[in-house]
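# Analysis of the macromolecular model
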Amino acid sequence: MGTFPLRRGFSLVRRLLLEAPLPHAPLTAMRLTQKITLSITGAIVLLMAAHAWLRIEREASLFERDIRHDTRILAASVARVAAKTWRVDGEAEAVQLVQDANEREAHVGVRWVWLDTPAVSRDQAALGRDEQAALDAGHTVTIRGRPLGHAVDAIYSYARIPGPRRAAVEVRESLDEEVAYVRHTAWRASIEAASLVLLCGALVLGFGAVFVGRPAQKLAAQARRIADGELSARSELEQRDEMGELGRELDRMAERLAAARDFADEQVRARIAAVEQLQHAERLTTVGKLAAGVAHEIGTPLNVITGHAQLITGDFPPESAAHKSAGIIAAQAQRVAAIVRQLLDFARRRAPSRAQHDLVALVRQTAGVLTALAKKQSVEIELALPDTLPAQVDAVQIQQVLTNLAVNAIHAMPNGGKLTIGAERCEAEPPPGQDGARGELARISVRDQGTGIPPEALEHIFEPFFTTKDIGAGTGLGLSVAHGIVKEHQGWITVDTRAGEGSCFQVYLPLEAA
Ligand code: ADP
């Protein structure tokens, strides 16, 4: 009856500890918790077993000592009374007295024992020579023995009955109660141990899952995410113990890895960009050489054409057809010569030879040159200039820049409009990703009310040979040359444009050569 609930209790503990990991907790995460739980409950079981054993030992020996004491006193008392009866009333009365005493005592057996005859029944404890001598000397003797047919020991006490023959009183008390008491105590200790194990096991399992199992699971998940390259993953452990510390270290490691990866990515991107730039520059150099070669070859025949066209115009009257045709030939040849010049500008770009010039004067000169072209397209030129703006520049090159920008602006207004050229001092620094001087600079702005530049064209306008103009109308070199010249002056160009509203090109130039 007693073992059934105990077995159920054990199986419950077993299930809790070994077979039932917490939901979603992988076995690996639970192993540590299980180990801790098993060690703690094991230690508790050992401690409680040792404690129960010591308690049982102590109480059993106290129990036996009490029985020895009681039986000894009873044997001595009965022996005294029996001796008196033997002396006064004879042997039969004395034996009867002992039998009466036996019947009165329910828990103990009291018997008359002859010491001068061998033991008649095996129930009678065999007294050794020393014990008999002690009896004869008037002492009571107590021994422990197993009565015949019993499963449990008993305590025997003997006291000598002085008389005509050697006789003694035997008092026997079984240790049945002691055994029952030991069993009961052992059973209670087991129940206590099982309850404590269950309680502690459940607590350790619960706390272990909260403080070890789940954090370990989170850390493992984070480590897996880091291994998969997901470096933004964070452990999200709030606790301030070793697990939390581990989580924070893992977070820091992920941050450092992410920074290292970003740095490596940036390096790779920079290298790819550098290689692309190099390839682009090489292509441009080749194109430049080709253009220079072609321009050189075209130059001489072009001069011959122009010379002969001028000869023809001189030989024929102005209203003649030959004169007009020769005039057209000369104009077209000049146009080709202008393109060739642009090609040569692009191909043989030279370092600027900088000297102190007034930018305001350069702007005015350029505007003057372009007045005829502007008028032809109904474009009004407006100048917004200070009195003077001195800067160390290559005057010819800066005029070329201004011309290219202004011609583009005029071309962008086929139906007329206003071209505004301004100049001023300003504090500026190069836009991100561009080199250039910073601090006080000169800013020249060329603003038109033209078509504007669509976004898909905007990113290419400074590339050589990029043009949206008709064949023959544009070479795609104007902005490329302007950009190159301004860059050589440690300056830069910015563009602000709106479709249908116009564009504004701003040229930033340092006031002094570096
Ligand atoms: P080109 O004038 O020979 O085409 P550029 O290098 O000077 O070569 O200009 C490149 C392109 O930039 C032009 O074809 C045009 O599409 C665009 N562009 C330049 N300036 C302007 C402007 N002010 N308004 C609109 N588009 C412009």
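What you are looking at is a predicted structure, and each value in this text was computed from that prediction instead of being measured.

## Considering the overall build of the protein
In terms of helices and strands, the protein carries 11 helices and 11 strands. The C-alpha radius of gyration of the protein comes to 61 Å, more than 25% above the 24 Å expected for a compact globule of 514 residues. Across the 514 residues in the protein, those meeting the buried criterion constitute 36%. When the accessible surface of the protein is summed, it comes to about 30,700 Å², and 57% of that surface belongs to carbon and sulfur atoms.

## Notes on the site of the ligand
Near the ligand lie 20 residues; those nearest to it are N408, T467, T468, K469 and L479. Here T467 contributes a side-chain N or O atom positioned 2.6 Å from an oxygen atom of the ligand. For the ligand, an oxygen atom lies 2.9 Å from a polar atom in the backbone of G476. For the ligand, whose unbound accessible area comes to 530 Å², protein coverage reaches 93%. Here the ligand occupies the largest pocket. Elements with a contribution of two residues or more to the shell around the ligand: α9 (395–411), α11 (478–488) and β11 (502–510).

## Let's talk about the layout of surface pockets
In this structure, the largest pocket occupies an estimated 1,400 Å³ of space. Along its surface, the largest pocket is lined by 43 residues, and V407, N408, H411, K469 and A473 are the ones closest to its centre. For the lining of the largest pocket, the elements supplying multiple residues, two or more each, are α7 (321–347), α8 (359–376), α9, α11 and β11. No other element matches α9, which puts nine residues into the lining of the largest pocket. Partitioning the lining of the largest pocket into residue classes produces 18 nonpolar, 19 polar and six charged. Each pocket or cavity is described by its volume, and for the second largest pocket that value is around 1,100 Å³. In this structure, the second largest pocket is lined by 32 residues; those nearest its centre are Q277, H280, F462, H483 and K487. The set of elements that each furnish at least two residues to the lining of the second largest pocket consists of α6 (242–315), α7, α11 and β10 (492–498). When residues of the lining of the second largest pocket are assigned to their parent elements, the largest contribution, 10 residues, is made by α6. Class assignment of the residues belonging to the lining of the second largest pocket gives a composition of 13 nonpolar, 11 polar and eight charged.

## Let's talk about the packing of α8 against α9
For the pair α8 and α9, interaxial distance at closest approach is 9 Å and the crossing angle is 40°. The angle between α8 and α9 falls in the class oblique. The chirality of how α8 crosses α9 is right-handed. Taken together, the residues of α9 that come into contact with α8 (itself represented by L359, L362, V363, Q365, T366, L370, L373 and A374) are A395, I398, Q399, L402, T403, A406, V407 and I410. In terms of residue class, the contact of α8 with α9 is made up of 12 nonpolar, four polar and no charged.

## A short note on unusual backbone geometry
Residue S378 is not a glycine yet carries a positive backbone phi of 55°. Classification of S378 by relative accessible area gives exposed; the value is 55%. Of note in the backbone geometry, F465 takes a positive phi value of approximately 70° without being a glycine. Mapping F465 onto the fold places it in the loop between α10 (455–458) and α11.

## Regarding the packing of aromatic side chains
One pass over the full model with this rule turns up six aromatic pairs. Aromatic side chains W86 and W112 sit 5.2 Å apart centroid to centroid with 75° between the ring planes, which places their arrangement in the edge-to-face category. One end of the pair, W86, is in helix α2 (residues 27–89); the other, W112, is in strand β1 (residues 108–114), with 26 residues separating them in the sequence. The two residues W86 and W112 agree in class, both being buried. On the basis of an interplanar angle of 20° and a centroid distance of 6.1 Å, the ring pair of F207 and F211 is categorised as stacked. With F207 and F211 both in helix α5 (residues 176–227) and four residues apart, the pair spans about one turn of that helix. A residue is classified by how much of its surface remains accessible, and F211, at 44% relative accessible area, is partly exposed. Connected via pairs of aromatic rings, a cluster forms that spans W86, W112 and W114. In this structure, R165 packs its charged tip against the face of W114, placed 3.8 Å from the ring centre.

## Concerning the sheet that holds strand β2 (residues 141–145)
The four strands are arranged β1-β4-β3-β2 in an open sheet whose pairing can be described as antiparallel. Because the sheet does not close on itself, it has two edges, and the strands there are β1 and β2. Strand-to-strand twist across the sheet, computed as the mean angle between neighbouring axes with direction ignored, equals 25°. Pairing of β1 with strand β4 (residues 167–174), which is carried by seven bridges, proceeds in the antiparallel orientation. Bridge pairing in β4 places W112 opposite V169. Packed onto the sheet, helix α3 (residues 91–104) meets β1 and β4 and runs at close to 160° relative to β1.

## Focus: the sheet that holds strand β6 (residues 379–384)
Strand order in this open sheet of five strands is β6-β8-β9-β11-β10, and the pairing throughout is mixed. Here the strands that pair on one side only, and so sit at the sheet edges, are β6 and β10. Averaged over all adjacent pairs, the angle separating strand axes in this sheet is 20°, with direction ignored. Inspection of the sheet shows β10 paired to β11 by seven bridges, in the antiparallel sense. Residue pairing for β11: V495 is matched across the bridge by F505.

The rules behind each value
- Note on numbering: residues in each chain are counted from 1, in written sequence order.
- Given that this is a predicted model, residues contribute local features only at a pLDDT of at least 70 and side-chain atom pairs are listed and counted only at 80 or more, while totals for whole chains, interfaces and linings are drawn from all residues.
- Side-chain descriptors were evaluated using all non-hydrogen atoms of the structure, hydrogens and water having been removed beforehand.
- Helix and strand labels come from DSSP, where a helix needs a run of H or I of at least four residues and a strand needs a run of E of at least two; each type is numbered from the N terminus.
- Each radius of gyration is computed over the set of C-alpha atoms, and the globule rule expresses the reference value as 2.2 Å times the number of residues to the power 0.38.
- Only protein chains enter the accessibility calculation, which uses a 1.4 Å probe; a residue is then buried when its area is under 20% of its type maximum, exposed when over 50%, and partly exposed in between.
- Each accessible area is a Shrake-Rupley estimate made with a 1.4 Å probe; only the visible protein chains count as cover when residues are assessed.
- For this purpose, a residue is taken to be near a molecule or strand whenever a single non-hydrogen atom of the residue falls within 4 Å of it.
- N or O atoms within 3.5 Å of each other form a polar contact, as long as, within protein, one can give a hydrogen and the other can take it, and as long as residues adjacent in sequence are counted only when both atoms are side-chain atoms.
- For cavity detection a 1 Å grid was placed over the protein atoms alone, and a set of points counts as a cavity when a 1.4 Å probe fits there but cannot get out; an open set counts as a pocket when protein lies on both sides within 12 Å along at least five of seven lines, with lining residues being those that have an atom within 4 Å of a point.
- In this scheme, a molecule is assigned to a cavity or pocket if more than half of its atoms are within 2 Å of the grid points.
- Grid points are joined across faces, edges and corners, and a volume is the space filled by probe spheres set on the points.
- In this classification, the charged set is Asp, Glu, Lys and Arg, the nonpolar set is Ala, Val, Leu, Ile, Met, Phe, Trp, Tyr, Cys and Pro, and all remaining amino acids, among them Gly, are polar.
- For helices, the fitted line uses only the C-alpha atoms of the stretch in contact; every axis is such a line through C-alpha atoms, and the angle between N-to-C directions lies from 0 to 180 degrees.
- Roughly parallel means an angle under 35 degrees; roughly antiparallel means over 145; roughly perpendicular covers 65 to 115; every other angle is labelled oblique.
- Each crossing gets its handedness from the near helix: less than a right angle anticlockwise from the far helix is left-handed, clockwise is right-handed.
- Two residues qualify as a contact provided that any one of their heavy atoms is within 4.5 Å of a heavy atom in the partner residue.
- Think of it this way: a Phe, Tyr or Trp ring, Trp meaning its six-membered ring, pairs with another when their centres are within 6.5 Å, and the plane angle makes it stacked under 30 degrees, edge-to-face over 60, tilted otherwise.
- When the NZ atom of lysine or the CZ atom of arginine is within 6 Å of a ring's centre and also within 35 degrees of its normal, the charge is said to sit over that ring.
- A strand pair is defined by DSSP finding two or more bridges across the two strands.

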